[in-house]
Amino acid sequence: MTHDIILKGGRVIDPSQKHDGILDVAFTDGKVSGFGKDLKGAKEIRDVSGYIVTPGLIDLHTHVYWGGTSLGIDADEFCRLSGVTTSVDTGSAGPGNWAGFRKHVIEPSQARILAYLHVSHAGIYGFDHRVMVGESGDMRLMNPIDCAEVADKNRDYIVGIKVRVGLHASGDQGTKPLNIALQVAEEVGMPLMCHIDHPPPSYEEVLAMLRPGDVLTHAFRPFPNAPCTAQGTVKPEVVAARKRGVIFDIGHGKGSFSFKTTRAMLANGFEPDVISSDVHKLCIDGPAFDQVTTMSKFLCMGMSLNNVVAASTVNAAMALKRPEYGSLKVGSLGDATILTIKEGKFDYVDVVGEHLIGDRKFVSEGVVLKGKWWHPKRTSKFPKVAA
């Protein structure tokens, strides 16, 4: 047999190859081993005709330090249900508790987990239903030396440095935590992901400090600190930041995505570079829910299907600087997501309580992870066919 598994006859959408059409995809030894029509010779063949096949979805903003932080959710359970093959934890752990995150969560997980390491010593340690302590508000918790050392020694999982600034995350410290985090990112040669909430600092102040390849998450947040004006235009600082290579990520979460902002941005042709859920304990039951729900909102608001897929696959992979992710090119990681788009009336809600009735909804139907079928609860939907 040439391949371990073939997904046969699906509508394959792979923006990394600018492909959208009926095709077979094969996997062997955890890698993509075939991409073409009428592939043959596999131990296992799944008939996915009538379904959409994409590269494994990447959720660039999650919190999956389950048991280690109050925000953490179970990565495997979340990924299996939402079609995500790579969840990127964004700052749940800092240098003081990274070892536990790696040993007890990342390494045992079936789904892929990568991470941005928080510059604060213990990461996001104090956010729950009753306790809300912004870790960046106390400069004594900033730990740049250990952060750089831990990031350098754990490049197999750590993809960048995380910092959170804003009234809720950093109190009155303004851009001070961001300045420290940028120094760490420069020291280790990694990109930075910056959270922003209410001012201080302002959206414009943060953007002015970010470098090409850095990620601004919560990019389509509501007022205050929205990227657009009251007149519905995109702020010139936002346009300038994109031109110099700053990456704009959604990071929906509990308080960081609004339909009003999104309507204005899309009307001006300013689509997000990356769509992510910022899923955590406080938003997994709404308003964010999961990655496919966040993708559905953009599909219903006018982004093309291919652009939504790109923003959840190849674009996220480029932000991670890991081109072997988010693609079905032969030799890429052996991850794929099988989706359907349901039609009907679906009630979506944003973080300020506005509802949108959408006509379409992504549903995750199955996953290939590391070259193997990874959806036992729905195996009967895609029966094996004769090899």
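Residues numbered from 1 in each chain as written. Predicted model: local features only at pLDDT ≥ 70, side-chain atom pairs only at ≥ 80, totals over all residues. Heavy atoms only, no water.

An unreviewed UniProt entry lists the protein under the name Amidohydrolase/deacetylase family metallohydrolase, with Bosea spartocytisi as the source organism.

Draft legend 1. Fine view of the sheet that holds strand E8 (residues 112-118). If you walk across this open sheet you meet the 7 strands as E6-E7-E8-E9-E10-E11-E12, and the pairing is parallel. With one partner strand each, in any of the chains shown, strand E6 (57-62) and strand E12 (247-248) form the two edges of the open sheet. Two elements, E8 and strand E9 (residues 158-165), share 4 bridges in a ladder whose sense is parallel. Note on E9: the bridge partner recorded for histidine 118 is lysine 162. Strands E6, strand E7 (84-90) and E8 of the sheet are contacted by helix H1 (residues 75-82), whose axis makes an angle of about 135° with E7. (Pairing = 2+ DSSP bridges. Helix = DSSP H or I, 4+ residues; strand = E, 2+ residues; numbered from the N terminus. Contact = heavy atoms within 4.5 Å. Axes fitted to C-alpha atoms, helices over the stretch in contact; angles between N-to-C directions.)

Draft legend 2. Focus on the side chain of threonine 340. Mapped onto the secondary structure, threonine 340 falls in strand E13 (residues 336-349). Of the polar contacts made by the side chain of threonine 340, one reaches the side chain of glutamate 365; its length is 2.7 Å. Among residues more than four places away in sequence, those in contact with threonine 340 are Tyr51, Lys361, Phe362, Val363 and Glu365. (Polar contact = N/O pair within 3.5 Å; in protein donor to acceptor, adjacent residues only side chain to side chain.)

Draft legend 3. Region of the structure containing the packing of aromatic side chains. This structure, assessed with the given rule, holds 6 aromatic pairs. With a centroid separation of 5.5 Å and 55° between ring planes, the pair formed by phenylalanine 257 and phenylalanine 298 is classed as tilted. Separated by 41 residues along the polypeptide, phenylalanine 257 in the loop between E12 and helix H8 (259-267) and phenylalanine 298 in helix H9 (residues 291-300) bring together distant segments of the chain. On the accessibility criterion, phenylalanine 257 (0% relative accessible area) is buried. Through a chain of ring-to-ring contacts, the aromatic side chains of Phe220, Phe257, Phe259 and Phe298 assemble into a single cluster. A cation over a ring is seen here: arginine 112 above tyrosine 325, with NZ or CZ 5.8 Å from the ring centre. Residue placement shows arginine 164 over the ring face of phenylalanine 127; its charged tip is 4.5 Å from the ring centre. (Phe/Tyr/Trp six-rings, centres within 6.5 Å; stacked < 30°, edge-to-face > 60°. Buried < 20%, exposed > 50% of the residue type's maximum accessible area, 1.4 Å probe, protein only. Lys NZ or Arg CZ within 6 Å of the ring centre and 35° of its normal.)

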